[in-house]
Amino acid sequence: MVYLDNAATTPLDKEVFDAMVPYMLEYFGNPSSIHAHGRQVRSAIEKSRKTIATLINVAPAEIFFTSGGTEADNMAICSTVRALGLKHAVTSRLEHHAVLHTLESLEKSGEIQLRYVAHDERGNLDLNHLEELLATQEQTLVSIMHANNEIGNLNDIQAISEICAKYNAIQHSDTVQTMGHYRHDLQKLKAHFIVGSAHKFHGPKGVGFIYTNGAVKIPPLIHGGSQERNMRGGTENVYGIIGLAKALEIAYRDMDAHQQHIQNLKNRMISRLTEQIPGVEFNGNSAMADKSLYTVLNVSLPPSEITEMLLFNLDINKISASGGSACTSGANAGSHVLNALNCDPDRGAIRFSFSKYNTPDEIDYVAEKLAGLYAKVPA
Ligand code: PLP
């Protein structure tokens, strides 16, 4: 079986699993308990917080653990809008639903006016338009992702940060797809909020974190006990947090080698597909090494009678990837990202996303199978 859906989730690293096990069996205390069983676990959580803070160059007090990327995005957006009484937000139509649906719900309830930064047909954002929007509005929340999970486009969040500073805007950046794959240095990037999700870099599912710059004081999103210094009620996902920190530590330790390996796999897939499938194209910037995630390739396939069955056929061949063409009918809403890029709905779209565990042989196998499916189609 070949797994090329690593932007959806990644397999757990055995080293991460080994670090988590003692916190399932041996160290089971509640970190809020003041006795020795509790204190042992509290100390492990604080060590994990410090590990993450050091890796992204912030203070441990600026990291809060969450149930994942979605909760962290919700917290950044909802808590900021409410705490600062913001009436305006700017995002792009290419964001993950964790951001888009959260902002849309605030717009629907009348809390904010939402505007979208313009982009071209490759998904490049128009930062002059962002400036125009910010110049004509009161203090605004700007929520623009670092890298797109479907087409892999990398946004220049450093430039966005400078624009936000110029107009006193609050910057949130969904960094779920880049955390653990690129080095973040929050002393250089002056974003107010970034987020991470462990299962995107070989950690466990259901745990993530938010970095909140100490300059913006936000209230909790989830109310309850005094966990996370009153910022997130609920008993901590202890072994998840241990796994999250371990996974990020490994990701940073091995990043250069893995980046090289994965970029080579992606380049190989681009070459193989281009050689074997006439008319193949790549959506967004995903074939451009300097403008897209090295982990994601979004393939646009020529219209054919097999288009609708592509993922099913790959699945039969034991290949896991994900899809989402542009809208084909009213019943099938399609991918909101490919729709926003005005992609041809008759072309097939497959997102291949790679990890450190994939091999060149797997790439050759997948390219050959996909080309084989096209070869069978009558001209
Ligand atoms: N943001 C982006 C860009 C993502 O790709 C994902 C996951 O697919 C999320 C947010 C949500 O993260 P989680 O699955 O941890 O809730």
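Residues numbered from 1 in each chain as written. Predicted model: local features only at pLDDT ≥ 70, side-chain atom pairs only at ≥ 80, totals over all residues. Heavy atoms only, no water.

A. Fine view of the site of the ligand. Around the ligand sit 13 residues, and of these Gly69, Thr70, Asp174, Ser197 and Lys200 come closest. Between an oxygen atom of the ligand and a main-chain N or O atom of glycine 69, the distance comes to 2.8 Å. One of the side-chain nitrogen or oxygen atoms of aspartate 174 is found 2.6 Å away from a nitrogen atom of the ligand. Relative to its unbound accessible surface of 390 Å², the ligand loses 86% to contact with the protein. Take the shell around the ligand: its biggest share by element is three residues, from helix 4 (residues 69-84). (Near = heavy atom within 4 Å. Polar contact = N/O pair within 3.5 Å; in protein donor to acceptor, adjacent residues only side chain to side chain. Areas by Shrake-Rupley, 256 points an atom, 1.4 Å probe, with all protein chains shown as cover. Helix = DSSP H or I, 4+ residues; strand = E, 2+ residues; numbered from the N terminus.)

B. Expanded view of the packing of helix 4 against helix 5 (residues 97-108). Contact geometry for helix 4 and helix 5: axes closest at 9 Å, N-to-C directions at 30 degrees. The angle between helix 4 and helix 5 places the two elements in the roughly parallel class. Where helix 4 crosses over helix 5, the handedness of that crossing is right-handed. Across from Thr70, Asp73, Asn74, Ile77, Cys78, Val81 and Arg82 in helix 4, the residues of helix 5 making contact are Ala98, Val99, Thr102, Leu103 and Leu106. Among the residues making up the contact of helix 4 with helix 5, the classes are represented as seven nonpolar, three polar and two charged. (Axes fitted to C-alpha atoms, helices over the stretch in contact; angles between N-to-C directions. Parallel < 35°, antiparallel > 145°, perpendicular 65-115°, else oblique. Left-handed = near helix turned anticlockwise from the far one by under 90°. Contact = heavy atoms within 4.5 Å. Nonpolar A, V, L, I, M, F, W, Y, C, P; charged D, E, K, R; others polar.)

C. Up close: unusual backbone geometry. Of note in this structure, glutamate 228 is not a glycine but carries a positive phi near 50 degrees. Take glutamate 228: it is sitting in helix 8 (residues 227-230). Assessed through its relative accessible area of 5%, glutamate 228 is described here as buried. Of note, the phi angle at asparagine 342 is positive, near 60 degrees, even though the residue is not glycine. The residue asparagine 342 is located in the loop between helix 12 (336-340) and strand 13 (348-353) in this model. For asparagine 342, a relative accessible area of 69% translates into the label exposed. (Buried < 20%, exposed > 50% of the residue type's maximum accessible area, 1.4 Å probe, protein only.)

D. Looking closely at the sheet that holds strand 10 (residues 296-301). Pairing is antiparallel across the open sheet formed by four strands, whose spatial order is 9-10-13-12. Strand pairing shows two members of the sheet lacking a second neighbour, strand 9 (281-282) and strand 12 (322-323), which therefore form its edges. Across two bridges, the pairing between strand 9 and strand 10 is antiparallel. Its bridge partner being in strand 10, phenylalanine 282 is matched across the sheet by valine 299. Where helix 10 (residues 255-276) meets the sheet, it contacts strand 9, strand 10 and strand 13, and its direction lies at approximately 10 degrees from that of strand 10. (Pairing = 2+ DSSP bridges.)

E. Representation of the packing of helix 3 (residues 36-56) against helix 9 (residues 238-253) in the model. For the pair helix 3 and helix 9, the least separation of the axes is 9 Å and the interaxial angle reads 30 degrees. Overall, the two elements helix 3 and helix 9 adopt an arrangement that is roughly parallel. Both helix 3 and helix 9 take part in a crossing whose hand is left-handed. Mapping the contact onto sequence places Val41, Ala44, Ile45, Ser48, Thr51, Ile52, Leu55 and Ile56 in helix 3 and Val238, Ile241, Ile242, Leu244, Ala245, Leu248, Glu249 and Tyr252 in helix 9.

F. Region of interest: the domain arrangement of the chain. Domains assigned within the chain are domain 1 (2-8 + 255-374) and domain 2 (14-250). For domain 1 versus domain 2, the distance between C-alpha centres works out to 28 Å. Domain 1 puts 28 residues into the contact, and the matching count from domain 2 is 30 residues. For the pair domain 1 and domain 2, the two sides together bury roughly 2,400 Å², of which 50% comes from carbon and sulfur. (Domains from an automatic or database assignment. Buried area = accessible area lost by both parts, 1.4 Å probe.)

G. Representation of empty space enclosed by the protein in the model. Evaluation of the coordinates by the stated rule reveals two cavities of 30 Å³ or more. Quantified by volume, the largest cavity comes out at close to 210 Å³. Lining the largest cavity are 24 residues, and of these Gly180, His181, Lys200, Phe201 and His202 lie nearest its centre. Partitioned by chemical class, the residues of the lining of the largest cavity number 11 nonpolar, 10 polar and three charged. Roughly 50 Å³ of internal volume is contained in the second largest cavity. Lining of the second largest cavity is provided by Ser92, Leu94, Glu95, Gly123, Leu125, Met145, Asn148, Ile151, Asn153 and Asn155. Residue composition of the lining of the second largest cavity, grouped by class: four nonpolar, five polar and one charged. (1 Å grid on protein atoms, 1.4 Å probe; cavity = no way out; pocket = protein on both sides within 12 Å on 5 of 7 lines; lining within 4 Å. Points joined across faces, edges and corners; volume = space filled by probe spheres on them.)

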